[in-house]
Amino acid sequence: MTSVWRDRLIMMAPFLGVILLALVTPSEDGPTICPFALCTGTACPGCGMTRAAASLIRGDVSAAMSYHPLVPVVTMQILAGWVWFALRRSGRVPPMSARTLNAILIGTLVALLAVWVARLVTGTLPAV
């Protein structure tokens, strides 16, 4: 695949993601495909994120936040990454430093784990 086609696919990915999430109807009793949840019987730190994103796209913010409270943060990170990619490919911004990228990724991981532990302790993890 040439870099032109790859770039086009990456630029279209958010639109395709929104379309797919609009087709998903969030449900508590649906099957899980999470390997962590299937192996342990406990929801992983990201469990509920797909249902949260689908609810967020439908405008149901309270349902989205109940499925996963970090859905707005992850959504903003995805959008920022998409904009950064577009600006980077056009030559308008320099490459992001490895230090900055690692800080963002580690911060996101810490936030996911903190929310997961809080939900585990309070018994508010989504059903598996």
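From a predicted model like this one, the values you see are computed outputs, not experimental measurements. (Residues numbered from 1 in each chain as written. Predicted model: local features only at pLDDT ≥ 70, side-chain atom pairs only at ≥ 80, totals over all residues. Heavy atoms only, no water.)

K.L.:
Looking at this structure, I do not really get the packing of aromatic side chains. What am I missing?
P.N.:
Each aromatic ring pair is described using two quantities: the centre-to-centre distance and the angle formed by the ring planes. Taken as a whole and assessed by the stated rule, the structure comprises 2 aromatic pairs. For the pair Phe15 and Trp82, a centre-to-centre distance of 5.7 Å together with 85° between the ring planes defines the contact as edge-to-face. Linking Phe15 in helix 1 (residues 3–23) with Trp82 in helix 5 (residues 71–89), this pair joins segments that are 67 residues apart in sequence. Taking the relative accessible area as the measure of exposure, Phe15 reaches 45% and is therefore partly exposed. A relative accessible area of 23% means that Trp82 is categorised as partly exposed. Seen in terms of ring centroids, Phe36 and Trp116 are 6.2 Å apart; in terms of plane orientation they differ by 80°. Their pairing is edge-to-face. Residue Phe36 is found in helix 2 (residues 35–40), and its partner Trp116 is found in helix 6 (residues 98–122); the two are separated by 80 residues along the sequence. The ring of Trp5 has Arg8 sitting right over it, with the charged end atom 5.3 Å from the ring centre. (Phe/Tyr/Trp six-rings, centres within 6.5 Å; stacked < 30°, edge-to-face > 60°. Helix = DSSP H or I, 4+ residues; strand = E, 2+ residues; numbered from the N terminus. Buried < 20%, exposed > 50% of the residue type's maximum accessible area, 1.4 Å probe, protein only. Lys NZ or Arg CZ within 6 Å of the ring centre and 35° of its normal.)

K.L.:
Would you mind showing me how to read helix 1 here?
P.N.:
Side chains that are three or four residues apart share a direction in an α-helix, a result of its 3.6 residues per turn. The terminal C-alpha atoms of helix 1 lie 30 Å apart, and with 21 residues this matches the ideal 30 Å at 1.5 Å per residue to within 8%. In helix 1, a bend of some 40° at Ala13 exceeds every other bend along the element, and Pro14, a proline, comes one to four places later. (Expected span 1.5 Å × (residues − 1). Bend = angle between axes of the 7 residues up to and from the residue.)

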